[in-house]
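This is what each chain is made of:
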Amino acid sequence: MNIEERKNSINSVIRNIADFIQEHKDIKDDFNEYLKTIGQNSKNGVPFQTACFNYILERNVGEDLKSIPELYLENNKNLDKESKTVVEAMENSISSVFEIKRVNKNGFELLNIVNERRYNIISLMKMTAFRGMGQGDYIIARIVSIDGDYYLLEISGVLPSSKKTEAYRYAVAKIIQNPELVYLDNPEKQKEIEDDVAQIYDKFMEFFGKSEIITTNKYADDLIGVFNDYAEEGKKEEYENLIHEPEEYRFFSVSEFNNSYDNFLENSLSGFSSHKEVYDVGIIYDKELGLYAIPFYGTFNKIFEVKDYTKITNYDMCIKYFLENDKFSANLIKNVAQKHSNFMKIVNAVLGKNYSIEELLNKYKRRYLSNKIMSSTTVLYRSDAFSNTLGIIEEDENKPQINASAKIGRNDPCPCGSGKKYKKCCGANL
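Residues numbered from 1 in each chain as written. Predicted model: local features only at pLDDT ≥ 70, side-chain atom pairs only at ≥ 80, totals over all residues. Heavy atoms only, no water.

1. Examining the overall build of the protein
Moving on, step 1. Helices and strands together make up the secondary structure of the protein, namely 17 helices and 10 strands.
Moving on, step 2. Counting over 430 residues, the protein shows a buried share of 48%.
Moving on, step 3. Restricting to contacts in the protein with at least 6 residues of sequence separation, those with at least 24 account for 62%.
Moving on, step 4. With an accessible surface of roughly 21700 Å², the protein has 45% of that area assigned to carbon and sulfur atoms. (Helix = DSSP H or I, 4+ residues; strand = E, 2+ residues; numbered from the N terminus. Buried < 20%, exposed > 50% of the residue type's maximum accessible area, 1.4 Å probe, protein only. Contact = heavy atoms within 4.5 Å. Areas by Shrake-Rupley, 256 points an atom, 1.4 Å probe, with all protein chains shown as cover.)

Below is the structure:
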C-alpha cells in the first residue's frame, strides 16, 4: 500500500470512529457529557476535533472500562484487514510535545521532547494547512505508527520558538501525569530507567531494611532527601527523627492536590511539607516501578488492620481514592491485599460488589496490567525535559537559570538562587 492509500485509509477510519461515538446508543450520551465536562462549547473550550481524538484515544467506558477502539472493533467485526490495522494502531498513538526540526514536503521532522526521540512524520493533510509553522516552533500533537511509518493525526496546540519555557513546562506536566511517556516508543530510554530502578532498589533496602516507610507529610521530603544523599554519595545519616506517625490516621481532602494547570507544576514539585494539613505519607520503593511518595498510604493500610474499620474517618472515601486514582499502580493494590487477608472482604463491602482481586484490578488498574508504568519521581530523574525546566518556575525572573548540562551536587547551593541547598530546593523530590 502506498502512502496516499494509507493516508486515505487512516482518514476514513477516523471519520468512521467519530460517527460511531456520536451514534452508538451506549456511547453517545457519555461522549456528550464528556464534551460538557471539558467545556467544548464554551468560548475558550477545547476544539471539537481535539475533543474527539482525546475521547476516542483516552476514554474508557462501560462497566468493563473498555477503550473506544476496542468497542469499535467489537461492534464492527466485518472490518477489512487494513481498517482493523489502523484502529489497533490508533489505540497505541503517542500524544506529546514536539519541537519542529524541519518542515518537509509531506510532513515534519520532529523531536519529541518528552521521550527524546526524533521522528519523520507524514501529514494526513496538505502542508499548506500548516503555513506559519516552522523550524524551532513547538507543537502539541498526536502521532501514530503503522507498518514502520509515522503519521500526524492532529495538532492541538502550537507555540512559537520564543515560548520554549511554556513548551517544556507543559511537557513536564504531561510526564507527571503520565510518566510512561518518557520511555514510550524509546526502548533505550526504558532500559536506562529500568537499570536505575534495580540499582536504587538495592540501596533503598540497604538504607531502610524494608521497602515501605510511613511518616507524615511534614517530614517526608527530608526523609526522601536523606535517602537520596545515601543513594548518590553513600553517606548514611540518621533518619529515625524523621519517622513520625500522625496523631490520627484519617482520610480527608488536601487542598494542594486540587491543581489547576496554572499552578500544576509548582504544586507538584514543591514537596509535601509546604501543605497546611498534616497527614501520613508512605515512602515506598517498588522493585519494578521505582520510588513513590503516597499520601494516606498508612491510613489505607490501617483500614485493614484495626478491629472496626468503620472507625477510620472517611474509610470508604480512602478505599475509593486508592482504587480510582490513576497514580496508584496495580502493584500497590496487590501488595496491600497480600498483607491483609480481609482486604477483599472490606473492599467489596464498601463497593457493594463481590469482586475477586483479579476482577478488582482489571476494573480499576487495567492500564497498569497492560503497560509498564514507572513512578513519575523515577522517570523525572532521567528526563531531559525536566532538567531543562529546573529553575524556570521561580517567580523572580532575575534569578539565574539552572544550567541543565551541569552536574549539581545535592549539597551545593541551588542554582535557582534561593540560597538553599539544592536538595532542599529544586532537587527536593529527586
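2. Side note on the pairing of strand S5 (residues 117–123)
Moving on, step 1. The sheet contact formed by strand S4 (residues 107–112) and S5 spans 6 bridges and is antiparallel. Residue pairing in the sheet places Asn112 in a bridge with Arg117 of S5.
Moving on, step 2. Hairpin connection of S4 to S5: 4 residues between the antiparallel strands, including Glu116 at a positive phi of 65 degrees.
Moving on, step 3. When S5 meets strand S7 (residues 149–159), the two strands line up parallel, connected through 3 bridges. Paired with Ser123 across the strands is Leu152, a residue of S7. (Pairing = 2+ DSSP bridges.)

3. Examining the pattern of salt bridges
Moving on, step 1. Under the definition given, this model contains 23 salt bridges.
Moving on, step 2. Note that Asp185 is salt-bridged to Arg117, the shortest N-O span being 3.2 Å. With Asp185 in the loop between helix H6 (164–177) and helix H7 (187–208) and Arg117 in strand S5, this residue pair connects regions lying 68 residues apart in the sequence.
Moving on, step 3. According to the relative accessible area criterion, Asp185 is partly exposed, its value standing at 27%.
Moving on, step 4. It is possible to trace a salt-bridge network through shared partners that takes in Glu116, Lys189, Glu192, Asp196 and Arg382. (Salt bridge = Lys/Arg side-chain N within 4 Å of Asp/Glu carboxyl O.)

4. Quick look at helix H8 (residues 217–233)
Moving on, step 1. Taking 1.5 Å as the rise per residue, H8 with 17 residues should run 24 Å; its terminal C-alpha atoms sit 25 Å apart, in good agreement.
Moving on, step 2. Among the 17 residues of H8, 12 are classified as buried, and the element is accordingly described as predominantly covered.
Moving on, step 3. Directly after H8, the chain includes Gly234, whose backbone phi takes a positive value near 75 degrees. (Expected span 1.5 Å × (residues − 1).)

5. Focus on unusual backbone geometry
Moving on, step 1. The phi dihedral of Asp147 falls on the positive side, at around 55 degrees, and the residue is not glycine.
Moving on, step 2. Relative to the assigned elements, Asp147 resides in the loop between strand S6 (138–146) and S7.
Moving on, step 3. Taking the relative accessible area as the measure of exposure, Asp147 reaches 61% and is therefore exposed.
Moving on, step 4. Within the chain, Asp185 stands out as a residue other than glycine whose phi angle is a positive 65 degrees.

6. Describing the nonpolar core
Moving on, step 1. Ile283, Phe300, Phe304, Ile319, Phe322, Phe343 and Leu360 are the most contacted members of the largest nonpolar core, which totals 78 residues.
Moving on, step 2. Counting residues per element, this core draws most heavily on H8, at 7 residues.
Moving on, step 3. Residues in contact with Ile319, not counting those within four places in the same chain, are Phe300, Ile303, Phe304, Ile346, Val347 and Val350.
Moving on, step 4. By size, the runner-up hydrophobic cluster in this structure holds 30 residues, among which are Val61, Ile68, Val87 and Ile122. (Core = buried A, V, L, I, M, F, W, Y, C linked by side-chain atoms within 4.5 Å.)

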